[in-house]
Amino acid sequence: MTAIRSLPLAGIRILDFSQVQFGPMATQILADFGAEVTKVERPKLGDISRTIDVRSSGIEDSASFLAVNRNKRSLVLDMKNPRAMGIVHELLEKTDVIVMNFRAGVAERMGLGYDSLEEKYPGLIYASGTGFGESGPMKNMGGQDMALQSFSGSTWHNRDDTGRPGIFPIPFVDFGAGMALVQGILMALVERSVSGKGQRVDVSLLDTALFAQMNEYTQWMMRRFEINWERDNLVGSFKTSDGWVNIVGLFRPDPLEAVCDALGIDNLTTRPQFATSELQMQNREALWSILDHELSRFTTDEAVQKLSARSVLCAPVLDYDEVLAHPQVINNDIIRTVDHPTAGPIKVIDNPIRLSAAGSREYSPAPLLGQHSEEILAELGYSSAEIDELRVDGLISSPSRPSFA
């Protein structure tokens, strides 16, 4: 039996200046496994994502913020106040990792540049996320997931039959960059355990977006050939009598023949216009019309069973409610309920990583703006009177809702 140990990052302290999704998702992963994350936020507004989806939904607490900021403490500091930097340096004395995703040059102007901190805190790991990189002609431009999808070729690659480019509606660049930042931080921590020295970890959205398309770009650079698994193969969603089924006709020499056999219809590859995979794609509209008609005779479950029996890769197209209620999702125990102080019990997606020897993870909800300011300052040795003075001066704030102003 595997012995249960403490969470692997217990004792690691992280000072987090990042906001929105890229950085916060990375620090949440680290916090899920025991790291102590102090999130430094601006007065009144805090992290931009605190209010990003509030007005449109009518919900007072932003789901976008709640999704990626659990297990953290919020410290509000007015970084325009010279005294704030003193508090930051007090925190840095006990910090293992600092994380930020400012535009290039912003950290330096704040006095938080790598060169200045490296000398004073030689063991500090300095994790930086940017849109386009720390150098180059676009280093000063801000980055955002959908903009980087467009800039990196992903949107062009996802064009429809009319040639209109399409943005993928899930922020895969932000989340991929967050995962990469976590990997870089963990590698730096491992290396520090040997050398005793910190280092800089840099991840950009642009590099991440290119990395996510490594297959496509390698094909393009080798052969000037655009590989598109959906557009160039028997891959698509087809209407059933009660929903949709997605067929992935890959990894076999003639997937259409197998599909026809599974559906109990004549082999369409005997028709001249569908004789080869190239001809099938050239006559895609006609082929899709036939498959839509044939699959409409079955329910989605029946279609999946018939196709799977012939080893055709397929899956039902599920909506969010169907996914959440699915026995496999329930079995995987990927949904967590946390009790937020103002939003009440909310359900969030758990971390997908499972470690057999790690202790159980008890999640705290995403913090209110400035919820832990006084607690953190007290741990630094500030008296109640000193904390009150800082509050009166506007340097810190008590727990509050973000302002739209």
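Below you will find a few notes about this structure. These figures come from a predicted structure and were not determined experimentally.

Counting its regular elements, the protein chain contains 19 helices and 11 strands. Expressed as lengths along the three principal axes of its C-alpha atoms, the size of the protein chain is roughly 85 × 50 × 45 Å. Scored against the burial criterion, the 405 residues of the protein chain give a buried share of 44%. Between the centroid of the 38 positive side chains of the protein chain and the centroid of its 53 negative side chains there is a distance of 2 Å.

A surface patch of like charges, here negative, comprises Asp-242, Asp-301, Glu-302, Asp-319, Asp-321 and Glu-322. Mapped by element, the contributors of at least two residues to the negative patch are α15 (300-309) and α16 (320-325). For Asp-301, the position within the fold is in helix α15.

The biggest cluster of nonpolar side chains holds 31 residues, and the ones touching the most others in it are Ile-14, Val-97, Leu-181 and Ile-185. In terms of residue count, the dominant contributor to this core is helix α9 (residues 172-195) (7 residues). When neighbours within four sequence positions are excluded, Val-97 is seen to be in contact with Arg-13, Ile-14, Leu-15, Leu-124, Ile-125, Ala-127, Ile-185 and Leu-189. Formed by 29 residues, the second largest nonpolar core is a distinct cluster that contains Val-40, Leu-91, Ala-107 and Tyr-121.

Where helix α12 (residues 255-263) contacts helix α14 (residues 284-295), the axes come no closer than 11 Å and their chain directions differ by 25°. Comparing the axis directions of α12 and α14 gives the class roughly parallel. Like other packed secondary-structure pairs, α12 and α14 cross with a definite hand, here left-handed. Residue-level contacts link Leu-256, Val-259 and Leu-263 of α12 to Leu-287, Leu-291, Glu-294 and Leu-295 of α14. Residues of the contact of α12 with α14, tallied by class, amount to 6 nonpolar, no polar and 1 charged.

What follows covers the sheet that holds strand β3 (residues 72-76). One open sheet holds the 6 strands; their spatial order is β3-β2-β1-β4-β5-β6, and the pairing between them is parallel. With one partner strand each, in any of the chains shown, β3 and β6 (200-204) form the two edges of the open sheet. Adjacent strand axes in the sheet meet at a mean angle of 20°, parallel and antiparallel pairs treated alike. Pairing geometry for strand β5 (residues 125-130) and β6, over 5 bridges, is parallel. Pairing of Gly-129 across the sheet is with Val-203, part of β6.

Backbone hydrogen bonds are what pair the strands of a sheet, in a parallel or an antiparallel way. The strand order β7-β8-β9 describes an open sheet built from 3 strands, whose pairing is antiparallel. The two strands at the open ends of the sheet, each matched to only one other strand, are β7 (234-239) and β9 (313-316). Across the sheet, the axes of successive neighbouring strands diverge by a mean angle of 15°, strand direction being ignored. Along the sheet, α14 makes contact with β7 and β8 (244-249), crossing β7 at roughly 45°. Packed on one face of the sheet, α15 meets β8 and β9 and runs near 165° to β9.

Rules and cut-offs
- Residues numbered from 1 in each chain as written.
- Predicted model: local features only at pLDDT ≥ 70, side-chain atom pairs only at ≥ 80, totals over all residues.
- Heavy atoms only, no water.
- Helix = DSSP H or I, 4+ residues; strand = E, 2+ residues; numbered from the N terminus.
- Buried < 20%, exposed > 50% of the residue type's maximum accessible area, 1.4 Å probe, protein only.
- Lys, Arg positive; Asp, Glu negative; His and termini not counted.
- Charge placed at Lys NZ, Arg CZ, Asp CG, Glu CD.
- Patch = residues over 30% accessible without salt bridge, like charges linked within 9 Å, V, L, I, M, F, W, Y side chains within 5 Å.
- Areas by Shrake-Rupley, 256 points an atom, 1.4 Å probe, with all protein chains shown as cover.
- Salt bridge = Lys/Arg side-chain N within 4 Å of Asp/Glu carboxyl O.
- Core = buried A, V, L, I, M, F, W, Y, C linked by side-chain atoms within 4.5 Å.
- Contact = heavy atoms within 4.5 Å.
- Axes fitted to C-alpha atoms, helices over the stretch in contact; angles between N-to-C directions.
- Parallel < 35°, antiparallel > 145°, perpendicular 65-115°, else oblique.
- Left-handed = near helix turned anticlockwise from the far one by under 90°.
- Nonpolar A, V, L, I, M, F, W, Y, C, P; charged D, E, K, R; others polar.
- Pairing = 2+ DSSP bridges.

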